[in-house]
Amino acid sequence: MPKESYLVGLIGSGIGPSLSPALHEREADRQGLRLVYRLIDVDTLGVPPEAVGDLVRAARDLGFDGLNITHPCKQLVIEHLDALAPQAEALGSVNTVVFEDGRAVGHNTDVTGFAASFARGLPDAPLERVVQLGAGGAGAAVAHATLTLGAGRVTVVDALPERAAALAAALNRAFGEGRAAAASPDRQAVLLSRADGIVHATPTGMAAHPGLPLPAELLHSGLWVAEVVYRPLETELLRTARTLGCATLDGGGMAAFQAADAFRLFTGREPDAARMLADLTELAGAVGAPH
């Protein structure tokens, strides 16, 4: 007999405005399930991010079915898990933990979430030369997703050169030599003049970090632009790109589809991802707070 009630949660820092509880609880309601989604904020608890291991153990002992994990705990949680799904292992980052028979298993639905959103929103986008801005946690996930979708080469640009180099090296190990490269921001003009598209994976554009992640004059109509930020759904980057005639993809799809994939892992039920995307769009539009 499949279960009818679930207890899940989110561990992270500053997660008060998260839309995850509403996304999961609404989908559960539609499926006739009882799902309670709790926020476990390390800031509110007054503990450091390194306490994630204790929090995961406590949640398992208290009968939670699973957890989402967000910044700054996605890497820190790994050493406290019993097993990793292949995608999470390749990425070195976990955003979903499922408790199965007393074991804690780590997954990453950011990769599949971005891939699904891109395939839906920019199905015919050329992928020979992609420039990605940002090599942090979200950057690692979307770069993996972009190469999984068949990108010829992803060049990662980050203000921290060593972080871009480390991500490019990891991508080349996973996908084959020459599929990824690292570059400093001063090379953006040359790279973008011959790129097919841009993936933006830095916090710039969020409500708390307004502005553009690159000089506006580097954008041109030959580029598609995919955004990871989803609060707000329309960032300054997307607005500027659209005025130039670029095909664009907002960050809402990634947020909704990663939640749908996590819901499937938690409950074993098939979510209606399109419905969850409609929820996300409504919720993100109603609340202007940052993620």
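All residue numbers refer to positions counted from 1 along the written sequence of the respective chain. Local features in this predicted model are restricted to residues whose pLDDT is 70 or higher, and side-chain atom pairs enter the listing and the counts only when it is 80 or higher, whereas totals over whole chains, interfaces and linings include all residues. Side-chain numbers here rest on the full set of heavy atoms in the structure, without hydrogens or water.

Asks: Residues and numbers for the side chain of Arg231, please.
Replies: Helix and strand labels come from DSSP, where a helix needs a run of H or I of at least four residues and a strand needs a run of E of at least two; each type is numbered from the N terminus. You can see Arg231 is positioned in the loop between strand 11 (224-227) and helix 9 (236-243). The side chain of Arg231 sits in the buried core without any salt bridge; Asp250 is the nearest counter-charge, 12 Å away. Polar contacts, as used here, are pairs of N or O atoms within 3.5 Å; protein pairs need one atom able to donate a hydrogen and one able to accept it. Residues neighboring in sequence count only if both atoms are side-chain atoms. In terms of polar contacts, Arg231 uses its side chain to reach the backbone carbonyl oxygen of Pro17, at 3.1 Å. Accessibility here uses a 1.4 Å probe with only protein chains present; expressed as a share of the type maximum, an area under 20% marks a residue as buried, one over 50% as exposed, and anything in between as partly exposed. Neither His nor the chain ends is counted toward charge; the positive residues are Lys and Arg and the negative residues Asp and Glu. By convention in these notes, a salt bridge is any Lys or Arg side-chain nitrogen within 4 Å of a carboxyl oxygen on Asp or Glu.

Asks: Now, about the nonpolar core: what can you tell me, with residues and values included?
Replies: Taken as a class, soluble globular proteins show a tendency for nonpolar side chains to be buried jointly. Residue types Ala, Val, Leu, Ile, Met, Phe, Trp, Tyr and Cys, when buried and joined through side-chain atoms within 4.5 Å, form a set referred to as a nonpolar core. Grouped together as the largest cluster of nonpolar side chains are 31 residues, with contacts concentrated most on Phe114, Phe118, Trp224 and Ala226. Those elements giving two or more residues to this core turn out to be helix 5 (109-121), helix 6 (137-148), strand 8 (153-157), helix 7 (161-175) and strand 11. Looking at this core element by element, the count peaks at six residues for helix 6. Residues Val52, Phe64, Ile69 and Leu81 belong to the second largest nonpolar core, which totals 18 residues.

Asks: I'd like a description of the UniProt feature "domain: SDH C-terminal" (unreviewed entry) in the chain, backed by residues and values.
Replies: Sequence positions flagged by UniProt for "domain: SDH C-terminal" (unreviewed entry) are, in local numbering, residues 253-277. The span residues 253-277 shows a helical share of 80% and a strand share of 0%, and its end C-alpha atoms are spaced 6 Å apart. UniProt positions are given in the numbering used here, feature names are shortened, and annotations may be inferred rather than shown by experiment.

Asks: Requested: an account of the UniProt feature "binding site: NADP(+)" (unreviewed entry) in the chain, with residues and values cited.
Replies: Following the UniProt record, one finds the feature "binding site: NADP(+)" (unreviewed entry) at Gly134, Ala135, Gly136, Gly137, Ala138, Val228 and Gly251. Within the element layout of this structure, Gly134 appears in the loop between strand 7 (129-133) and helix 6. You can call Gly134 buried: its relative accessible area is 4%. Residue contacts follow a heavy-atom distance rule, with two residues in contact if any of their heavy atoms lie within 4.5 Å. Residues in contact with Gly134, not counting those within four places in the same chain, are Gly139, Val156, Val157, Asp158, Ala201 and Thr202. If you trace the backbone, Ala138 turns up in helix 6. Contacts of Ala138, omitting those with residues within four sequence positions, involve Ala201 and Val228.

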